[in-house]
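# Coordinates in review
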Amino acid sequence: MSTENLDSGLVLDAVRVTEIAAIAASTLVGRGDEKAADQAAVDAMRTALNGLAIDGEIVIGEGERDEAPMLYIGEKVGRGGAAIDIALDPLEGTTLTAKAMANALAVMAWAPKGTLLNAPDTYMDKIACGPGYPSGVIDLDRSPADNVRALAAAKGVAPEAITVCVLDRPRHAEVIASIRSVGARVNLITDGDVAGVIHTADPATGIDLYVGQGGAPEGVLACAALKCVGGQFQGRLVFRNVDEKERARRVGITDLDKKYDLHEMVRADAIFAATGVTKGALLDGIRREGGHIVSHSLVMNSSTGTVREVRMRRPA
């Protein structure tokens, strides 16, 4: 797929798809039904994708075919055209949506066919930082405290000036303790680690580093965003049982202990799009005002290095 196709042919299509999914999910904000909110986003995103002139294959989706009737891994979407891999999360933050909490997003990334990591639906240990630092400044095999020190040194500040984003989970107690042991601040989030990783690349968020264990599929989505804006990422799959290891082997992963970097997870130019469902640090949520629907989206293209902020207003 050419750079021209990535830019002119697909960028605006990508953001339209996430807008449609976000608008659908927004009707369920605060209603306490996570499944209904997710289903609304899935239905809308699938319909939108099937209307596009693409030859798309879902490589990161709602799960394997026997678990997900729509947008399952391996599903083909589109009317025919550019051959692309698609990674998506129609509603990143189902709990956030159901409870009307901040930072719920509709998220999607695409890249030329065969270039996105087919990450199984398992956990992944992750570390990420934004652009402007020497290669290798962060390392998944170092302690969180040592990574804070290294990033602080590269930034020319004391560790106390570093803020680290971490998912608020019991499994991260030692991670949090390590970060705080050197005086750094911890910004805990309840859900939404795609946004958490992206925050490291946006100085306005005040987040310098992301550390912790989250979903492997979300890691691929986050890497697509960092591919567009710069930054560093490392991840390693975490398996809780034999079944999860077998799931990895089914998608072609043979080295179960491999440490992936950003460019191994997204091996070519990529497009990343996200639309806010609920208001958050990254994007505003869907609003209904004066008979109109207002959305706020971000669409990035690594082939041109462009980041577009898109505010759309349409009749309700």
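Note: the structure precedes this text.
Residues numbered from 1 in each chain as written. Predicted model: local features only at pLDDT ≥ 70, side-chain atom pairs only at ≥ 80, totals over all residues. Heavy atoms only, no water.

## Notes on the packing of aromatic side chains
- Evaluated as defined, the whole model comprises zero aromatic pairs.
- For the cation-ring pair, Lys-258 lies above Tyr-260, with the distance from its terminal atom to the ring centre recorded as 5.4 Å. (Phe/Tyr/Trp six-rings, centres within 6.5 Å; stacked < 30°, edge-to-face > 60°. Lys NZ or Arg CZ within 6 Å of the ring centre and 35° of its normal.)

## Brief notes about the sheet that holds strand 8 (residues 209-215)
- Taken together, six strands build an open sheet; the order of strands is 7-6-8-5-9-10 and the sheet is mixed. Taken across any chain shown, the strands that pair with only one partner, and hence form the sheet edges, are strand 7 (185-189) and strand 10 (259-261). Each neighbouring strand pair of the sheet contributes to a mean axis angle of 20°, computed without reference to strand direction.
- Here helix 5 (residues 144-155) sits on the sheet and contacts strand 5 (123-129), strand 6 (163-167) and strand 8; the angle it forms with strand 8, its principal contact strand, is near 145°.
- The strands that helix 6 (residues 173-181) touches are strand 6, strand 7 and strand 8; relative to strand 7, the one it contacts most, it runs at about 150°. (Pairing = 2+ DSSP bridges. Helix = DSSP H or I, 4+ residues; strand = E, 2+ residues; numbered from the N terminus. Axes fitted to C-alpha atoms, helices over the stretch in contact; angles between N-to-C directions. Contact = heavy atoms within 4.5 Å.)

## Points about the pattern of salt bridges
- Under the criterion given, the structure shown has 20 salt bridges.
- The partner of Arg-149 in a salt bridge is Asp-146, with the nearest N and O atoms 2.6 Å apart. Highlighted residues: Arg-149 and Asp-146, both in helix 5, separated by three residues, approximately one helical turn.
- The partner of Arg-240 in a salt bridge is Glu-244, with the nearest N and O atoms 2.6 Å apart.
- A relative accessible area of 6% places Glu-244 in the buried class.
- Overlapping salt bridges bring together Asp-139, Asp-141, Arg-236 and Lys-259 as one network. (Salt bridge = Lys/Arg side-chain N within 4 Å of Asp/Glu carboxyl O. Buried < 20%, exposed > 50% of the residue type's maximum accessible area, 1.4 Å probe, protein only.)

## Some points on the state of the cysteines
- Applying the stated rule across the entire model yields zero disulfides.
- Cys-129 takes part in no disulfide bond, and the closest cysteine sulfur to it belongs to Cys-223, at a distance of 12 Å.
- Here Cys-165 is not disulfide-linked; the sulfur of Cys-129 is the nearest cysteine sulfur, at 14 Å. (Disulfide = S-S within 2.5 Å.)

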